[in-house]
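Okay, here's what each chain looks like letter by letter:
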Amino acid sequence: MPFTFQSRLPATGTSIFSTMSALAKAHQAINLGQGFPEFDPPKALIDSIHEYLKKGLNQYAPSIGLLSLREAIASKLEVFNKTRFDPEQEITVTSGATEALFDAILAFCKQGDEVLIIEPAYDSYTPAVLIAGARPVYYRLPEPDFHFDAWEFRKLISPKTKAILLNNPMNPCGKVWTKSDLDQIEQIVLEHNLLLICDEVYEHIYFEQAFNSMLTYPRLKGHVISVSSFGKTFNNTGWKLGYAVAEAALMAEFRKVHQFVTFSSFTAAQAALADQLADHSWYDALRSMYLSKRNVLIEAFRTHDRELKPSEGTYFQLLGMPSNALGDLEFAEKLVKEAGVAVIPLSPFYHDAYDPKLLRLCFAKSDDTLKEGARRLCQTLG
Ligand SMILES: Cc1ncc(COP(=O)(O)O)c(C=O)c1O
């Protein structure tokens, strides 16, 4: 008799990113779908990881991360966020942001708790909340501008609400939360004594609208865990390295889970990243590069008489699809086959498969790829 089991994630299938990438490959399509950069990491970073491997950094790192990297993160926070976090007690290196988010949710959310998820939401949030045994409660940002309505949001808070998951800058919709949005979130967190788990992996990719980390809110110290990823910043998503920052008591609890999820992360890569973080000029250059790419993409659509609302941050741009078209999943499939371009439909970012008839394009690609992708899409969209 086969082993019988009850799935902890019955509604979870293969992620849309894997599905669209496989389709793109099968149809030799331009892949504007999965969100990874087409460019190499900084050369110095690659050279330095080689050196550290040759020097023998091939065994376990400390569970909380190499001290040199935690110190480098603390200095970066001081320069960019004007906040001081203790590398000994308040910063932990993780195997990517996904692991850090999972650890944070597992550490603080349990059966009987509710966790507020703001949609459209990154796909790892709901499974992590469910595995923790908590109940996800969803707030949908209304399109087309995805503005935050604190009044509506507050209606979802109950005595069971334990945490809010906030992604800023936001994948997939490219929203950068305004200071006034964030002030309202601060108010809500303090009023209801909540935990705020902030996914700030695109912290260095924002454009006209300034990015404000929740770590810069002094009154929220003790309420915030901020999670970031080196992959987005240094074009090395495959290294799966990130970190979490929180006040010491929260961090101590976070570390209990982290130590039994991965224990520690790739040692030589941590040493190399510690050196890389000293180069503060990288971040401005990164922002300028992505601003230019976003503009290339928008201009390419404009030359084909299609006006897009520019993304405020991340390396994603939304594109509307005809409202009378197929569902967005089928439409995205049609685009791969007929236009030879893979994109990501938005409905998988909603728990109820809500379909706002929007597609996400990744512009972390060469200018030529972006122009050709836009040309093909416009031809098929008509
Ligand atoms: C919003 C968001 N959070 C987290 C992640 C995962 O980051 P990492 O690859 O460091 O786990 C991604 C990756 O696409 C993302 O877009």
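Residues numbered from 1 in each chain as written. Predicted model: local features only at pLDDT ≥ 70, side-chain atom pairs only at ≥ 80, totals over all residues.

Focus: the environment of Tyr 139
Formally: Each helix is a run of H or I in the DSSP string that is no shorter than four residues. Each strand is a run of E no shorter than two, and both are numbered from the N terminus.
For Tyr 139, the location among the structural elements is in strand β4 (residues 135–140). For the pair Tyr 139 and Glu 114, spaced 25 residues apart in the sequence, the C-alpha separation amounts to 12 Å.

With respect to the pairing of strand β9 (residues 316–320)
Our working definition: Exposure criterion: with C-beta atoms placed from backbone coordinates, a residue whose C-beta has 20 or more other C-beta atoms within 10 Å is buried, one with 12 or fewer is exposed, and one in between is partly exposed. Strand pairing is assigned whenever DSSP identifies at least 2 bridges connecting the two strands.
Counting buried residues in β9 gives four out of five residues, a clear majority hidden from the surface. Pairing geometry for β9 and strand β12 (residues 358–362), over five bridges, is antiparallel. Bridged to Gln 317 within β12 is Leu 361.

Re the site of the ligand
Put simply, the rule reads: Proximity of a residue to a molecule or strand is defined by its backbone-placed C-beta atom lying within 6 Å of that partner. Side-chain classes follow a simple rule in which Ala, Val, Leu, Ile, Met, Phe, Trp, Tyr, Cys and Pro form the nonpolar group, Asp, Glu, Lys and Arg form the charged group, and the remainder, Gly included, forms the polar group.
Taken together, 14 residues surround the ligand, and among them Gly 96, Ala 97, Thr 98, Asn 171 and Ser 229 come closest. Within the shell around the ligand, the residues separate by chemical class into three nonpolar, nine polar and two charged.

A word on the sheet that holds strand β8 (residues 242–246)
The condition that has to hold: Note on geometry: axes are lines fitted to C-alpha atoms, helical ones only across the stretch in contact, with angles between N-to-C directions running from 0 to 180 degrees.
Reading across the sheet, the seven strands line up as β2-β8-β7-β6-β5-β3-β4 and stay open at both edges, with mixed pairing between neighbours. The strands lining the two open edges of the sheet, one partner per strand, are β2 (91–94) and β4. Averaged over all neighbouring strand pairs, the angle between strand axes comes to 20°, with direction disregarded. The sheet contact formed by strand β3 (residues 114–119) and β4 spans six bridges and is parallel. For Glu 119, the partnering residue across the bridge sits in β4 and is Arg 140.

Considerations on the nonpolar core
For clarity, the cut-off: Definition of nonpolar core: a set of buried Ala, Val, Leu, Ile, Met, Phe, Trp, Tyr and Cys residues joined via C-beta atoms within 7 Å. Where each domain begins and ends is defined by an automated method or by a domain database. Two residues qualify as being in contact provided that their C-beta atoms, derived from the backbone, are within 7 Å of each other.
Ala 104 and Ile 105 are the most contacted members of the largest nonpolar core, which has 113 residues in total. Ranked by residue count, the leading element in this core is helix α4 (residues 96–108), at nine residues. The residue makeup of this core includes at least three contributed by each of domain 1 (16–41 + 281–381) and domain 2 (45–276). For Ile 105, the residues in contact, after removing those within four places along its chain, are Ala 128, Val 129, Ala 132 and Ile 197.

Some thoughts on the domain arrangement of the protein chain
Segmentation of the protein chain into domains returns domain 1 (16–41 + 281–381) and domain 2 (45–276). On a C-alpha basis, the centroid separation for the pair domain 1 and domain 2 is 25 Å. Those elements that place two or more of their residues in the side of domain 1 that touches domain 2 are α11 (281–303), β9 and β12. Residue contributions to the side of domain 1 that touches domain 2 peak at six residues, all from α11.

Details of helix α7 (residues 179–192)
For clarity, the threshold we go by: Helix span, expected: 1.5 Å multiplied by one less than the number of residues in the helix. Comment: arc refers to directions from the helix axis out to C-beta atoms.
For α7, which comprises 14 residues, the first-to-last C-alpha distance of 20 Å matches the rise-based estimate of 20 Å (1.5 Å per residue) to within 8%. Of the positions making up α7, those classed as buried are Leu 182, Ile 185 and Val 189. All buried residues of α7 project into a common sector of 55° when viewed along the axis, lining one side. Relative to its buried face, α7 has exposed residues pointing more than 90 degrees away, namely Ser 180 and Glu 191. Packed against the buried residues of α7 are β5 (161–167) and β6 (195–199). At the exit of α7 stands Asn 193, carrying a positive phi of roughly 50°.

Overview of unusual backbone geometry
Where the residue is not glycine, phi is negative for most of them; where a peptide bond is considered, it is trans in most cases. Between Glu 143 and Pro 144 the backbone carries a cis peptide bond, its omega angle lying at 15°. The peptide bond linking Asn 171 to Pro 172 adopts the cis configuration, its omega dihedral lying at 15°. Structurally, Pro 172 can be placed in the loop between β5 and α7. Backbone geometry at Gln 28 places phi at a positive 45°, although glycine is not the residue there. When you line up the elements, Gln 28 lands in the loop between α1 (16–26) and β1 (30–31).

Observations concerning helix α3 (residues 67–81)
For an α-helix, 3.6 residues make a turn, and residues three or four places apart therefore share a direction. Given a rise of 1.5 Å per residue, 15 residues ought to cover 21 Å, and the 20 Å separating the end C-alpha atoms of α3 matches this to within 8%. Structurally, α3 contributes buried residues whose contacts are with β2, β8 and α10 (267–276). Trailing α3 by a residue or two, Lys 82 shows a phi angle of about 55°, which is positive.

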